[in-house]
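# Structural overview
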Number of protein chains: 2
Amino acid sequence: MAAEMDKEEQLPENVMPSISVDNLIFAMQNGRLKVLLVKYKEGLAADKWGLIGHWVQYDESLEEAAHRVVTSTTGVVNLYLDQLGAFGKVNRYPGRRIITVVYYSLVRFEEAELQQGDNTHEVAWFDIREVPELIFDHKEILNACLEHLKYKVRHEPIGFSLLPEKFTLLQLQEIYEAILDTKLDKPNFRRKIQKMNLLINCKEKQQAVAHRAATLYRFDINVYEKLKEFGFNFEF
Amino acid sequence: MAAEMDKEEQLPENVMPSISVDNLIFAMQNGRLKVLLVKYKEGLAADKWGLIGHWVQYDESLEEAAHRVVTSTTGVVNLYLDQLGAFGKVNRYPGRRIITVVYYSLVRFEEAELQQGDNTHEVAWFDIREVPELIFDHKEILNACLEHLKYKVRHEPIGFSLLPEKFTLLQLQEIYEAILDTKLDKPNFRRKIQKMNLLINCKEKQQAVAHRAATLYRFDINVYEKLKEFGFNFEF
DNA sequence: ACAAAAGTGTTACGGGTACACCCATGC
DNA sequence: GCATGGGTGTACCCGTAACACTTTTGT
């Protein structure tokens, strides 16, 4: 929620008055799924953690608004972005009726350079199992999104958006384990992924790891597009 | 889209100014999936077919608004209702910026008694493969919803919301065929459904049909609730 | 040597698929 | 008798699950 105003609300000139966009930005770090939260400076949400919200300008679509927020907060331009849905309980935002449209995005952790917004004084990644108390209905929104991600990750090859260009099969497996909140069998996982013909062997190995070096892979973007179009089955 | 005004817009007193709720109402008739459309009396959508839209009152949630619209149009109170998402391109509604939140619902055809709204002069069911030209971005919305239904029907037992209390297995199969837009193998379908323990044999037969009378079934609502909670797999 | 992760092989089970086939009813 | 849909049986295939096992690298 864009909740950066005090009670005498000062809306910017060119934004819609009763609609906000909230963003859930996810990334993988050390095998853990993280979500980006901000602490607001002032207003009803002052000094509390929440999702990254903003108002919608009259000259941008909802999706463009969401994209703008993600880019301005993380610097990332190449990302997966999708809508979770609209949240519109009567009293979800205290004192005023605001509908929020929620988007979630998946970014590569290494590419993200966190930037303070005008209305926030902290931005940080949180392990999804260790999020603090959140403002308004943001916890509910986060939970809905985590559920949705489970659903989504089985039907579209979106997990890849969280990985660097070259990655190991274990890294990929960890994403599925984190999102599905389960442990997967390594041999079976490898075979399943390989059979999709989605990965290209880089013919390179990891460097300087304290164990046998793993092969690095990257995606075959063509196959990726086809899978998105014709379906994808990733049930475990 | 609630598009029932002329250019000198006359919004009711207690509604949000730039948000509407649009509804996709589905039902099964004679083995065909139908969607409910209305023809508007006046305004930008005058004399054209579109989804059933309305404004959102300040004292009702988005879902309550959607529910109100469905009930006032069809008289149905017992229904499946879910959000499809928000649509918010800049020029989706001509002349003014309006975000619409779209809900879809599944009703029993026999229970629906269509009622004219204040702003419409026709309400009718259309076969989903034979929809006329629609106003604004409503065709896009319909297509998105049909896609979403395919997705949904495999993971939650929602197909049943389209059936009368007592139904035959063929009726159920026709729903899946219509939504998934495919032909299914009868013997396999029967076994798959039966094994879910979702159906209770009514120990009754169809009456007066020109072939061997089929057994009538109804749902086991308890199992239904459990499947909703713990997952449901209906891949074909 | 040991830990840690990469990677391969094998087997059993169950579900999905594709049919063939018989049954009941009305015209 | 024939068309229409109801309903059962079966055999094959393939994906999944479970788990044992070998390989490579760093400390």
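Residues numbered from 1 in each chain as written. Chains lettered and ligands numbered in written order. Predicted model: local features only at pLDDT ≥ 70, side-chain atom pairs only at ≥ 80, totals over all residues. Heavy atoms only, no water.

### Remarks on the overall build of chain A
- The helix and strand inventory of chain A stands at five helices and nine strands.
- Scaling as 2.2 N^0.38, a compact globule of 236 residues should have a C-alpha radius of gyration of about 18 Å, and chain A matches this with 19 Å.
- Projected onto its principal axes, the C-alpha positions of chain A cover 60 × 40 × 30 Å.
- Each of the 236 residues in chain A was classed as buried or not, and the buried ones make up 52%.
- Within chain A, the 35 negative side-chain charges are centred at a point lying 10 Å from the centre of the 30 positive side-chain charges. (Helix = DSSP H or I, 4+ residues; strand = E, 2+ residues; numbered from the N terminus. Rg over C-alpha atoms; globule rule 2.2 N^0.38 Å. Buried < 20%, exposed > 50% of the residue type's maximum accessible area, 1.4 Å probe, protein only. Lys, Arg positive; Asp, Glu negative; His and termini not counted. Charge placed at Lys NZ, Arg CZ, Asp CG, Glu CD.)

### Structural notes on the protein's contact with DNA strand C
- Residues in contact with DNA strand C amount to 21 residues; listed here are only the nearest, Lys186(A), Pro187(A), Thr215(A), Lys192(B) and Val209(B).
- Lys186(A) has a polar side-chain atom sitting 2.6 Å from a base nitrogen of DNA strand C.
- One of the side-chain nitrogen or oxygen atoms of Arg212(B) is found 3.0 Å away from a base oxygen of DNA strand C.
- Of all the secondary-structure elements, those providing two or more residues to the surface near DNA strand C are helix H4 (186-195) of chain A together with helix H4 (186-195) of chain B.
- Split into classes, the residues belonging to the surface near DNA strand C amount to eight nonpolar, four polar and nine charged. (Near = heavy atom within 4 Å. Polar contact = N/O pair within 3.5 Å; in protein donor to acceptor, adjacent residues only side chain to side chain. Nonpolar A, V, L, I, M, F, W, Y, C, P; charged D, E, K, R; others polar.)

### Overview of the protein's contact with DNA strand D
- Inspection of the region around DNA strand D gives 23 residues, with Lys192(A), Val209(A), Arg212(A), Lys186(B) and Thr215(B) positioned closest.
- For DNA strand D, a base nitrogen lies 3.3 Å from a polar atom in the side chain of Arg191(A).
- Between Lys192(A) and DNA strand D, the recorded distance is 2.7 Å, taken from a side-chain N or O atom to a phosphate oxygen.
- Mapped by element, the contributors of at least two residues to the surface near DNA strand D are H4 of chain A together with H4 of chain B.

### Considering the packing of aromatic side chains
- Overall, the coordinates contain 15 aromatic pairs over all chains when judged by the stated rule.
- Taking 5.0 Å as the distance between ring centres and 70 degrees as the angle between the ring planes, the aromatic pair formed by Tyr93(A) and Phe136(A) counts as edge-to-face. With a gap of 43 residues between them, Tyr93(A) in the loop between strand E5 (80-87) and strand E6 (99-106) and Phe136(A) in the loop between strand E7 (120-127) and helix H2 (138-153) connect regions that are remote in the sequence.
- The class of Tyr93(A) is buried, set by a relative accessible area of 2%.
- For the pair Phe109(B) and Trp125(B), a centre-to-centre distance of 5.7 Å together with 45 degrees between the ring planes defines the contact as tilted. Taken together, the residues span a long stretch of sequence, with Phe109(B) in the loop between strand E6 (99-106) and strand E7 (120-127) and Trp125(B) in strand E7 at a distance of 16 residues.
- Judged by relative accessible area, Phe109(B) falls into the partly exposed class, the value being 21%.
- Taking relative accessible area as the criterion, Trp125(B) reaches 18% and is therefore assigned buried.
- Joined through ring pairs, the aromatic side chains of Phe160(A), Phe167(A) and Phe219(A) make up one cluster. (Phe/Tyr/Trp six-rings, centres within 6.5 Å; stacked < 30°, edge-to-face > 60°.)

### Quick look at the side chain of Arg108(B)
Residue and element names in this part refer to chain B.
- Looking at the secondary structure, you find Arg108 in the loop between E6 and E7.
- Among the residues examined, Arg108 registers a relative accessible area of 15% and is labelled buried.
- In terms of polar contacts, Arg108 uses its side chain to reach the backbone carbonyl oxygen of Phe160, at 3.3 Å.
- Apart from the residues lying within four places of it in its own chain, the contact partners of Arg108 are Asn78, Phe160, Ser161, Leu162, Leu163 and Pro164. (Contact = heavy atoms within 4.5 Å.)

### Description of the environment of Ser20(B)
Residues and elements named next belong to chain B.
- In this fold, Ser20 is placed in strand E1 (residues 15-29).
- Residue Ser20 is classed as buried on the basis of its relative accessible area, which comes to 0%.
- Between the alpha carbons of Ser20 and Lys150 there is a distance of 25 Å; along the sequence they are 130 residues apart.
- In this structure the side chain of Ser20 is engaged in a polar contact, spanning 2.9 Å, whose partner is the side chain of Thr100.

### Section: the domain arrangement of chain A
All names here are of chain A.
- Looking at chain A, the domain boundaries give domain 1 (15-153) and domain 2 (166-230).
- On a C-alpha basis, the centres of domain 1 and domain 2 stand 28 Å from each other.
- Of the residues lining the interface, eight residues belong to domain 1; the matching set on domain 2 comes to seven residues.
- When domain 1 packs against domain 2, the two sides together hide about 790 Å² of surface, and 71% of this comes from carbon and sulfur. (Domains from an automatic or database assignment. Buried area = accessible area lost by both parts, 1.4 Å probe.)

### Thoughts on the interface of chain B and chain A
- At the junction of the two partners, chain B supplies 26 residues and chain A supplies 26 residues.
- Note on chain B versus chain A: buried area summed over both sides is about 1,900 Å², and carbon and sulfur give 62% of it.
- Where chain B touches chain A, the interface holds eleven residue pairs in polar contact (both at pLDDT 80 or more).
- At the level of elements, E1, strand E4 (52-57), strand E5 (80-87), E6 and helix H2 (138-153) of chain B are the ones that each hand at least two residues to the side of chain B that touches chain A.
- Broken down by class, the residue content of the side of chain B that touches chain A amounts to twelve nonpolar, eight polar and six charged.

### Quick look at the pairing of strand E1 (residues 15-29) of chain A
Residue and element names in this part refer to chain A.
- With 13 of 15 residues buried, E1 lies mostly within the body of the structure.
- Inspection of the sheet shows E1 paired to strand E4 (residues 52-57) by five bridges, in the antiparallel sense. Residue pairing across strands places Asp22 opposite Gly53, the latter belonging to E4.
- Of the strand pairs in this sheet, E1 and E6 are connected by eight bridges, and their pairing is parallel. Paired with Ile19 across the two strands is Ile99, which belongs to E6.
- In the sheet, E1 pairs with strand E2 (residues 32-40) via four bridges, with the strands oriented antiparallel. Bridging from a neighbouring strand, Gln29 pairs with Arg32 of E2. (Pairing = 2+ DSSP bridges.)

### With respect to the UniProt feature "domain: Nudix hydrolase" (unreviewed entry) in chain A
- Under the present numbering, the feature "domain: Nudix hydrolase" (unreviewed entry) in UniProt falls on residues 16-149 of chain A.
- The distance from the first to the last C-alpha atom of residues 16-149 of chain A is 29 Å, and the span holds 19% helix and 41% strand. (UniProt positions renumbered as here; feature names shortened; annotations may be inferred.)

### Considerations on the relation of the copies chain B and chain A
- Screw-axis analysis of chain B against chain A gives a translation of 0.0 Å along the axis, an RMSD of 0.0 Å, and a rotation angle of 180 degrees. These values place the two chain copies in the arrangement generated by a two-fold rotation axis. Among all residues of chain B, the one whose C-alpha sits closest to the rotation axis is Gly85(B), at a distance of 2.4 Å.
- A share of 100% of the interface residues of chain B reappears at the interface of chain A, consistent with the copies meeting face to face through the same patch. (Least-squares fit on C-alpha atoms with pLDDT ≥ 70 in both.)

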